[in-house]
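These are the residues of each chain, in order.
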Amino acid sequence: MTPRPVLMSGMQPSAESLHIGNYVGALLSWKAMQATHETFFMLADLHAITVPQDPRELRENTRRTVAQYIAAGIDPAQSTLFVQSHVAAHAELAWVLNTITGFGEASRMTQFKDKSAKQGSDGASVGLFTYPILQAGDILLYNAAEVPVGEDQRQHVELTRDLATRFNSRFGDTFVVPEAYILKETAKIYDLQNPSSKMSKSAESHAGVIWMLDEPAVTQKKIMRAVTDADGGIVFDPATKPGVSNLLSIFSVMSGQSIPSLESEFTGRGYGDLKKALAEVVVETLAPMRERALELLADPAELDRILSAAADRANEVADATLATVYERVGFLPRVRYRLV
């Protein structure tokens with residue numbers, strides 16, 4: 001039997017809840033790919049601490065994020081669903097990769113430039129600067145052939161490819177050189193109050209963010225208050241009608257209807273009708289996932305058991321890769337003696 005290609009991806013557990021942009025942009029694709037790939041999905045807590053975190057909240061958010069992964073269809077029996085800090089090889093490989101990464105190369109990463117510009121150079125940590133190198137280690141440890149990422153992460157995958165190629169050239173074939181898997185057909189979900197910005201965990205106001213763990217009444221209220229325009233007419237035109245276009249995109253993904261069919265269905269009707277129908281579809285879609293996630297969170301011991309088993313599997317693969325790396329770069333192996 002031909003082995004399935006390896007796919008690796010993850011998200012930071014940096015909020016109490018995921019939002020529907022995470023669901024549409026990542027979880028739906030991950031769920032489908034479980035059937036065609038050997039999948040590793042990670043809770044990227046090492047990445048999360050590149051900015052200040054409350055320790056208690058980070059632990060809680062990690063469990064909450066795991067619960068939502070599972071509730072959205074990530075099956076621990078099909079996928080290796082693990083916490084990054086449970087696999088020491090991530091930090092260890094990142095150090096080796098740091099030593100073959102040029103300072104100028106790392107400085108060109110646009111996400112670091114954007115985030116450090118917001119925080120100021122004194123507020124940006126070295127960890128934030130080397131974030132893409134740790135991300136490269138995340139990918140290379142598992143011999144991932146494909147990495148599903150948003151367009152904003154393409155540059156990081158290109159760095160990963162460069163580092164893998166460079167290491168292989170210097171030390172012999174060791175790493176699979178991965179490809180970015182950009183899901184161009186996936187709808188982009190924008191903030192309901194600011195439809196020029198993607199829906200984000202770091203939004204200044206949560207009024208425009210639909211959280212997967214929101215109470216149904218809260219979700220409905222946010223949709224009914226979504227920004228539209230004064231022109232009337234329910235048509236998909238992101239340039240001139242970004243708010244309405246965003247609502248149509250969400251409706252299309254959640255219902256499975258095409259955008260043209262939705263435009264036809266709502267011809268001559270008002271924005272209130274569109275919002276009311278969309279709210280019903282979103283609440284109906286999220287309700288079973290919310291219920292399942294809350295069930296899982298009520299039994300943290302079971303979540304920890306799932307994560308422990310997954311960590312065993314992830315460590316098995318990652319440690320084998322790291323051992324090869326250490327041998328290739330010339331580290332002296334530790335000889336273990338047993339007292340007789």
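Cut-offs used in this document
Residues numbered from 1 in each chain as written. Predicted model: local features only at pLDDT ≥ 70, side-chain atom pairs only at ≥ 80, totals over all residues. Heavy atoms only, no water. Helix = DSSP H or I, 4+ residues; strand = E, 2+ residues; numbered from the N terminus. Rg over C-alpha atoms; globule rule 2.2 N^0.38 Å. Buried < 20%, exposed > 50% of the residue type's maximum accessible area, 1.4 Å probe, protein only. Contact = heavy atoms within 4.5 Å. Areas by Shrake-Rupley, 256 points an atom, 1.4 Å probe, with all protein chains shown as cover. Lys, Arg positive; Asp, Glu negative; His and termini not counted. Charge placed at Lys NZ, Arg CZ, Asp CG, Glu CD. Pairing = 2+ DSSP bridges. Right-handed = clockwise from strand over helix to strand, strands pointing away. Polar contact = N/O pair within 3.5 Å; in protein donor to acceptor, adjacent residues only side chain to side chain. Domains from an automatic or database assignment. Buried area = accessible area lost by both parts, 1.4 Å probe. Salt bridge = Lys/Arg side-chain N within 4 Å of Asp/Glu carboxyl O. Core = buried A, V, L, I, M, F, W, Y, C linked by side-chain atoms within 4.5 Å. Phe/Tyr/Trp six-rings, centres within 6.5 Å; stacked < 30°, edge-to-face > 60°.

Description of the overall build of the protein chain
Argument step 1. Check the secondary structure of the protein chain and you find 14 helices and 5 strands.
Argument step 2. Compactness check: the protein chain gives a C-alpha radius of gyration of 22 Å against a globular reference of 20 Å for 340 residues, within 12% of the reference.
Argument step 3. Counting the 340 residues in the protein chain, one finds 47% classified as buried.
Argument step 4. Long-range pairs, those at least 24 residues apart, make up 76% of the contacts in the protein chain between residues at least 6 apart in sequence.
Argument step 5. Put simply, the protein chain shows about 16900 Å² of open surface, and 52% of that area lies on carbon and sulfur atoms.
Argument step 6. Across the protein chain, the mean location of the 33 positive side-chain charges is 2 Å away from that of the 41 negative side-chain charges.

Quick notes on the pairing of strand S1 (residues 6-11)
Argument step 1. Counting buried positions over the 6 residues of S1 gives 5, a clear majority of the element.
Argument step 2. Relative to strand S2 (residues 38-43), S1 runs parallel, the two being bridged by 6 bridges. Paired with Gly10 across the bridge in S2 is Met42.
Argument step 3. A crossover links S1 with its parallel partner S2, the connecting element being helix H1 (residues 20-33), and its sense is right-handed.

Quick look at the side chain of Gln12
Argument step 1. Within the secondary structure, Gln12 is located in the loop between S1 and H1.
Argument step 2. Residue Gln12 is classed as buried on the basis of its relative accessible area, which comes to 17%.
Argument step 3. Of the polar contacts made by the side chain of Gln12, one reaches the side chain of Tyr131; its length is 3.1 Å.
Argument step 4. Sequence-distant contacts of Gln12, defined by excluding residues within four places in its chain, comprise Ala44, His47, Ala48, Tyr131 and Lys201.

Considering helix H8 (residues 131-140)
Since the α-helix advances by 3.6 residues per turn, residues separated by three or four positions end up pointing in the same direction.
Argument step 1. When you tally the buried positions in H8, you get 10 out of 10 residues, the bulk of the element.
Argument step 2. Here H8 has its buried residues at Tyr131, Pro132, Ile133, Leu134, Gln135, Ala136, Gly137, Asp138, Ile139 and Leu140.

Side note on the domain arrangement of the protein chain
Argument step 1. Domain boundaries in the protein chain define domain 1 (6-186 + 300-329) and domain 2 (216-295).
Argument step 2. On a C-alpha basis, the centroid separation for the pair domain 1 and domain 2 is 32 Å.
Argument step 3. Counting from both sides, the interface comprises 8 residues of domain 1 and, opposite them, 8 residues of domain 2.
Argument step 4. Here domain 1 meets domain 2 over a buried area of about 680 Å², counting both sides, of which 88% is carbon and sulfur.
Argument step 5. Contact with domain 2 buries surface across domain 1, with Ile20, Tyr23 and Ala71 losing the most and accounting together for 63% of the total.
Argument step 6. Linking domain 1 to domain 2 there are 0 residue pairs in polar contact (both at pLDDT 80 or more).

Considerations on the pattern of salt bridges
Argument step 1. Scanning the entire structure with this criterion turns up 12 salt bridges.
Argument step 2. The closest approach of N and O atoms between Glu38 and Arg313, which form a salt bridge, is 2.6 Å. One end of the pair, Glu38, is in strand S2; the other, Arg313, is in helix H14 (residues 300-329), with 275 residues separating them in the sequence.
Argument step 3. Given the relative accessible area of 30%, Arg313 is considered partly exposed.
Argument step 4. Residue Asp273 is joined to Arg269 by a salt bridge in which the shortest nitrogen-to-oxygen separation is 3.6 Å.
Argument step 5. When its relative accessible area of 35% is taken as the criterion, Asp273 is described as partly exposed.

Details of the nonpolar core
Argument step 1. With 57 residues, the main nonpolar core has Leu27 and Tyr69 as its most contacted residues.
Argument step 2. The set of elements that each furnish at least two residues to this core consists of S1, H1, S2, helix H3 (55-71), strand S3 (80-83), helix H11 (242-255), helix H13 (271-297) and H14.
Argument step 3. Sort the elements by how many residues they give to this core and H13 lands first, with 12 residues.
Argument step 4. Two domains share this core, each providing at least three of its residues, namely domain 1 (6-186 + 300-329) and domain 2 (216-295).
Argument step 5. Those residues in contact with Tyr69 that sit more than four places away from it in its chain are Gly10, Met11, Leu18, Leu27, Trp30, Phe41, Met42, Leu43, Ile74 and Leu81.
Argument step 6. Within the second largest apolar cluster, 34 residues are counted, among which are Ala44, Ile139, Val157 and Ala310.

Some words on the environment of Leu278
Argument step 1. Within the element layout of this structure, Leu278 appears in helix H13.
Argument step 2. On the basis of relative accessibility, which here comes to 1%, the residue Leu278 falls in the buried class.
Argument step 3. For the pair Leu278 and Ile223, spaced 55 residues apart in the sequence, the C-alpha separation amounts to 7.6 Å.
Argument step 4. Non-local contacts of Leu278, meaning those with residues more than four positions away in its chain, are made with Ile223, Leu247, Ile250 and Phe251.

Let's talk about the packing of aromatic side chains
Argument step 1. By the definition in use, this model includes 9 aromatic pairs.
Argument step 2. Between Trp30 and Tyr69, the ring centres sit 5.4 Å apart and the planes meet at 85 degrees, which makes this aromatic pair edge-to-face. Of the two residues, Trp30 sits in helix H1 while Tyr69 sits in helix H3, which places them 39 residues apart along the sequence. As far as burial versus exposure is concerned, Trp30 and Tyr69 are alike and both buried.
Argument step 3. Each member of the aromatic cluster is reached from another via a ring pair, and the members are Trp30, Phe41 and Tyr69.

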